[in-house]
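# Examining the three-dimensional arrangement
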Amino acid sequence: MKEVSLFIPCTVDLFAPRIGEAVVNLLRRVGANPIYHEEQTCCGQPAMNAGYREEAKKVAKHFITVFEKDPVIVSPAGSCVCMVKDHYPEILEDEPDWFRRAKDLAPRVYEFSQYLVDVLKVEDVGASFEGKVTYHESCHILRGLGVSEQPKKLIRAVKGAQLIPLDNADSCCGFGGEFANDFPDISESMVKDKVESFLTSGADLLVLNEPGCFLNIGGYLNRNHPGKRIMHLASFLATNGREAEYGN
Amino acid sequence: MAQSVRDEILAKLRAAPSVGVPTRPTLPPYKTLSMNQEQLIAEFIARLAEEAVAVHRVKDFPEVLDRLTVIASEEGLKKVMTSADDVISRLDLAGWGKKNDIQVMTPRDFPDRNSYRDAVFDQAQAGITGADFAVAESATIGLIHNKDQSRLVSLAPILHIAIVPVDRIIPVYEKAIEKAFAKKGEYPSQFVFITGPSMTGDIQGVLFKGMHGPRKVIVILVG
Amino acid sequence: MEIKTEQFTELARKELKNERTRFFLKVIPAVMKARRDAGMANLPDPSAAMACGAAIRAEALARLPELLEEFEKNATANGMKVFWARDDKEANEFIKKLAKEKGVRYVTKGKSMVTEETALNELLEEHGIEVWETDLGEFIAQQLHRPPFHIVGPAINVPVEEVRDLFIQKIGLKEPTLDPIQLGYAARLFLRDKFHHVQMGVTGVNVAVAETGTIINVENEGNIRFTKASPPVQVSVMSLEKVVASMEDALHMIRLVCRNCTGQRISVYVSMDSGPKKKDEIDGPEELYIVIVDNGRSKIYQDAKARDALRCIRCGACLVSCPVWRQVGGYAYGWAYSGPMGQVLNPMILGLERTQELYRASTLCGSCKSICPVGIDHPSLFLYYRAKDVLGDPNFKSVNRPWMERKFFKMFSWAAATPWAWNMGVRMARPIMNKDAQNGVVSKAKGPFQGWFRSRNIPAMAGDTFHDRWKNNLKDKG
């Protein structure tokens, strides 16, 4: 059985652990064997984005030590995958040994939908959902990793689900980590536009596969449009779209 | 003083670290490069239509004058300014003007730049030029400016009439530049590419023709 | 132009409340982006064309001192006079002295971003020389005393009622029309008179060609051609990074800049000057001056990473693809350059301290990077500037970040590298975070996250995190 090391971002660990559970559930369903290193904490993106590279380096080194023996690492968060693949080598460039270890690790880290479709060659995970679903293209997943068809293939394979287009699907939702808190007026305006696209799409459910976007759009919906549903792709597939509400 | 500022700036630039550059990809050729003359003419005409340029096709130079008569009547032209380039010189525009009671001016009629400037701004209702090049890739007219091709003739009057022999039609801009810039030390003081009438969308994004340059361009294609 | 880069958040807030700006931003940027995409699509291989653009600009920058020397040599041989200016003051002073020497009362100007940077217009006006911007949008922005809203449409957001009132006041508009076309024609007549009698014109430079000593301008209106044809003296101002090696390279850049700017295959006019008019020509400049402006670029050039920002060809595509620019528009950025282009340039020219919010006001979504025809990696540069800012690097004119922030990230990184500390931190934070939780959701909490909570909830921090669930439950189920 294929052993898969889980990289569960801090956002999921602390605020949406059900997404992690769904990832475990799905990997087992398709015949993989997920393992989880309990010493993992965070990829260090918050420090990186704020310009604290020395601090991000400390976190990167811990991450590399935890994961570097794993042949395959899978995460339900594209931005964290980009942090490891693109930024770890960049910030460790001046330390040749760590740089080599970071470069060595990078190709073994996958975003979750990318792993299912491209590596395991699975599109149908045996899920079903009667209704219209629309998909938001998260920035790091789409532009950072070039992943767009894979999540849609997984959604289209869900029995009974109808994937319908979302206006401006590839427009940023306004999360951007610290940005949402540091530039709240602009962030709010962006998430409002994203939600409007969802509300006018005719879809019953908004699906995405980035936890940051989930917390952001979900948070706005929860406050302003409580009946409207949003799910992470993993949760959608694992629970047939029947996962409980936004909170814990 | 000026010398040392230059040296100072260049020295700063030279002191910089060298940086690797990305590799140039090979570009596939533009589609007009594989067209024959007939196809190029058709492409040129199709692109002209996209630029809202009226095109009249005539078979020879005598017919050009007939067509000009029609255009002059349609546009109500009484005073025009023309170039003296090698296309225009094949036409007896002075004679045509007399026959049709149209005042045909050329820059050479004027003793100095100011009086010429007054005429081309305030009197000429149209500027008539030939064309050194006609680029099919975007229906672009290329003009080499020199003593026979003054700049304001194709710019100041509200109507620009360009007479384009079909053998001036070329596939891409590069062919024009290769010719116009063939000899070092003999580059044209100015070379222009003109594609359609002047245009802007600067007020609320509403596009319209005829901001500063001509509001209308008419091409007479010869041959 | 007053520099207001320190006021980004405040200016952005104002623009977010401006009904006219919101109305405009809902429609026009999407249209412009669609036109840009359609324009690029008519190239045989759009992504190769962009990669070629990146290579041309990177190569030109790698050879910059050599190409500038070659340009100067050839331009001078062609009869142009080349003047080098270290900074805004030297550039402005040269042009002012020339204007005074020639006894001109006014100059007409073609759009030039670098002269907005140097504030040339203000300096000339101070010394009694009238300046007439002649690009319709620049003219309106100039008369309204506003910075450009967008690089291509500097006043494209100004409602037509305001333009009408402005024209009644400033150009003697007789018929109070709200038709943009009639207003445009009124401006045409007014500015035509200026072109007719002008004695000295000032333009920018889109591309300078080293091999031939040529400067090239692209435009749709014809105001630059007039400024180069009518007066006996022409001054063309170029920032020193604008040079490319050959005509062939220049033509490729023209194909790219026109498509990325407005979606056109080529702009209506492309004018290429290789010297003043020849003796027997009746129009065109008797004297043609080129002013090469440094204004901080040689310093940027010395930084191997920041140098990439100098590839910019000012097409403006990054503006209409940026989700932040599309919310706030150009004024918020507080200077000549807005959007991602301004966010990479302004910090380098003005210093990191004066522009702290500019390179932080990004979600790093990458739209700018993916649309840039010269391959600038804006998000990477934002991160670079943020890192330099944290270091308080004097070369970049930055000062230290707030003490609390520095302490927070030190603690954060230590905890994230020390699992027991991380877990303890989570246990300590949970009750604080969840104090006002209701139905598993938090809508307010004490601490530095007030920005988030204004419009959003967040799930309460899980009582059992994924760590807990794995340990207690999921692990064994496998």
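Residues numbered from 1 in each chain as written. Chains lettered and ligands numbered in written order. Predicted model: local features only at pLDDT ≥ 70, side-chain atom pairs only at ≥ 80, totals over all residues. Heavy atoms only, no water.

### Concerning the nonpolar core
We apply this condition: Joining through side-chain atoms within 4.5 Å is the link that ties buried Ala, Val, Leu, Ile, Met, Phe, Trp, Tyr and Cys residues into a set, and such a set is a nonpolar core. Residue burial is assigned from relative accessible area. The probe radius is 1.4 Å, only protein chains are included, and a residue is buried under 20% of its type maximum, exposed over 50%, and partly exposed in between. In this text, helices come from DSSP runs of H or I with a minimum length of four residues, and strands from runs of E with a minimum of two, each type numbered from the N-terminal end. By the convention used here, residues are in contact when the closest approach between their heavy atoms is within 4.5 Å.
Judged by nonpolar contacts, the single largest core of 272 residues is most densely connected at Phe236(A), Phe193(B), Phe167(C) and Met272(C). Looking at this core, the element that brings in the most residues is helix H12 (residues 247-262) of chain C, giving eight residues. Not counting residues within four places of it along the chain, the set of residues in contact with Phe236(A) comprises Phe129(A), Val133(A), Ile155(A), Val158(A), Ala161(A), Leu205(A), Val207(A), Met231(A) and Gly241(A). Counting residues in hydrophobic clusters, the runner-up holds 24 residues, among them Leu48(B), Ile141(B), Leu221(B) and Tyr269(C).

### What about the domain arrangement of chain A?
Residues and elements named next belong to chain A. Condition: A domain assignment, automatic or from a database, supplies the domain bounds used here. The term buried area refers to how much accessible surface (probe radius 1.4 Å) is lost by two components on association, counted for both of them together. The working definition used for a salt bridge is a side-chain nitrogen of Lys or Arg within 4 Å of a carboxyl oxygen of Asp or Glu. We define a polar contact as two N or O atoms separated by no more than 3.5 Å, with the added condition that, inside protein, one atom must be a possible hydrogen donor and the other a possible acceptor, whereas residues neighbouring each other in sequence contribute only through side-chain atom pairs. Residue polarity is assigned by list, with Asp, Glu, Lys and Arg as charged and Ala, Val, Leu, Ile, Met, Phe, Trp, Tyr, Cys and Pro as nonpolar; anything else, Gly included, falls into the polar class.
Domain annotation for chain A reports domain 1 (2-117) and domain 2 (124-239). With 30 residues of domain 1 at the interface, the matching set in domain 2 holds 24 residues. A buried area of about 2000 Å², summed over both sides, lies between domain 1 and domain 2, and 71% of it is on carbon and sulfur atoms. Counting the surface domain 1 buries against domain 2, the share from its top three residues, Ile19, Arg29 and Val117, is 23%. At the junction of domain 1 and domain 2, the tally comes to zero salt bridges. Between domain 1 and domain 2 we count seven residue pairs in polar contact (both at pLDDT 80 or more) in total. No other element matches the seven residues that helix H2 (residues 17-29) contributes to the side of domain 1 that touches domain 2. Considered class by class, the residues forming the side of domain 1 that touches domain 2 number 18 nonpolar, eight polar and four charged.

### With respect to the interface of chain A and chain C
Every contact between the two is made by 65 residues of chain A and, on the other side, 69 residues of chain C. Between chain A and chain C, a total of about 5900 Å² is buried, with carbon and sulfur atoms accounting for 61% of that surface. Inspection of the chain A/chain C interface yields seven salt bridges. Linking Arg469(C) and Glu21(A) is a salt bridge whose minimum nitrogen-to-oxygen distance equals 2.9 Å. The dominant element in the side of chain A that touches chain C, judged by the number of residues it contributes, is helix H11 (residues 184-199) of chain A, at nine residues.

### Concerning the pairing of strand S7 (residues 159-165) of chain B
Residue and element names in this part refer to chain B. Filter applied, for reference: For two strands to be treated as a pair, DSSP must find no fewer than two bridges joining them.
The buried count for S7 comes to seven of seven residues, which makes it a mostly enclosed element. The two faces of S7 match: Leu159, Ile161, Ile163 and Pro165 on one face and His160, Ala162 and Val164 on the other face are all buried. With four bridges joining them, strand S4 (residues 126-129) and S7 adopt parallel strand pairing. Paired with Gly127 across the bridge in S7 is His160. In this sheet, strand S12 (residues 216-222) lies alongside S7 in parallel orientation, the contact comprising seven bridges. For Ala162, the partnering residue across the bridge sits in S12 and is Val219.

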